[in-house]
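Geometric and topological summary
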Amino acid sequence: VMGIVHLGVAFPIIWTTFSKRGNSNMDERIGLTERFIRIFGAEKIKCLFGDREFIGGDRFAFLLKNGIHFIMRIKDNFLITNAKGIPVAAKTLFRDLKPGEYKILKGLRTVNGQLAYVVGMLLPSGEYLILATDKNPGTALEDYKKRWGIETLFQCLKGRGFNFEDTHMTIPERIDKLIALLAITFAWCHATGEWAASQKTIGTKKHGRRAVSLFRLGLDHIGRIMHNISELYHELDKNFGIVLEPLISKNSYDTS
């Protein structure tokens, strides 16, 4: 899945389903990015984020060739060059850090055969967070936080919302259509939540985040209408007018 992060959550834009187990391979990941570029153009990508399982030398080369800014997490045993140009395990270059500390390695380093800046941090859990980026290493750690938006999306599609994982479908083409339906409904719920939050102040918890997410706020609002549709059909019309019509009237893209 590739999504665009907005207000802390990734909105699914394009995706590919497979009839196999396990992760996608490098060609499949590059193919998904190429599909995005064909539809929207590489210049529309402000920054591409990815977790440890989604990187490789071929993908770095592809992103660099197309001028796509990226921040990718790498595994702590990845070989990267030290100050003398000798390949070593990435974590050995950050073993002097204390929990919560970070370090930006000086200059470009070779990562999977490509040149990139490398930033590392030792998390309180004792795990290393090591990032490779093509530019702006000073802001990479802060920028990378946006990647969590894709995890938030999956939570909404699954246990905290639509229970997508409960489907018994196994045919990729049917799963594709189901994801498309969920993507549209997710956008509808989130847009409704944004509208609802503008009508009434939402409380915050001690950590500073909303007591209820915009998605959940919208989902509950729509659910209340649907459960009482005979009495609240006028609210559904109002919801369509406020939330959906502005979206439909904007320019659309053919994502086939």
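Details of the structure are given in the entry above.
Residues numbered from 1 in each chain as written. Predicted model: local features only at pLDDT ≥ 70, side-chain atom pairs only at ≥ 80, totals over all residues. Heavy atoms only, no water.

A short note on the pattern of salt bridges
- All chains considered together, the criterion is met by 10 salt bridges.
- Residue glutamate 127 pairs with arginine 73 through a salt bridge whose shortest N-O separation is 3.4 Å. Here glutamate 127 is found in the loop between strand E9 (114-122) and strand E10 (128-133), whereas its partner arginine 73 is found in strand E4 (residues 70-74), with 54 residues between them in sequence.
- Residue class for arginine 73 comes out buried when judged on its relative accessible area of 9%.
- Between glutamate 151 and arginine 147 there is a salt bridge, with the nearest N and O atoms lying 3.3 Å from each other.
- Exposure remark for glutamate 151: the relative accessible area of 25% places this residue in the partly exposed category.
- Judged by its relative accessible area of 13%, arginine 147 falls in the buried class.
- Residues joined by salt bridges that share partners form a network here, namely Asp51, Arg52, Arg73 and Glu127. (Salt bridge = Lys/Arg side-chain N within 4 Å of Asp/Glu carboxyl O. Helix = DSSP H or I, 4+ residues; strand = E, 2+ residues; numbered from the N terminus. Buried < 20%, exposed > 50% of the residue type's maximum accessible area, 1.4 Å probe, protein only.)

Things to note about the side chain of histidine 221
- Secondary-structure assignment places histidine 221 in helix H6 (residues 214-227).
- Classification of histidine 221 as buried rests on a relative accessible area of 15%.
- With sequence-adjacent residues up to four places away left out, histidine 221 is seen in contact with Thr192, Trp195, Glu235 and Asn239. (Contact = heavy atoms within 4.5 Å.)

Observations concerning the environment of leucine 129
- Looking at where leucine 129 falls in the secondary structure, it is placed in strand E10.
- With a relative accessible area of 12%, leucine 129 lands in the buried category.
- Leucine 129 sits 40 residues away from alanine 89 along the chain, and the two C-alpha atoms are 14 Å apart.
- With near-sequence residues (within four places) excluded, leucine 129 lies in contact with Arg73, Val119, Gly120, Met121, Leu123, Leu141 and Tyr144.

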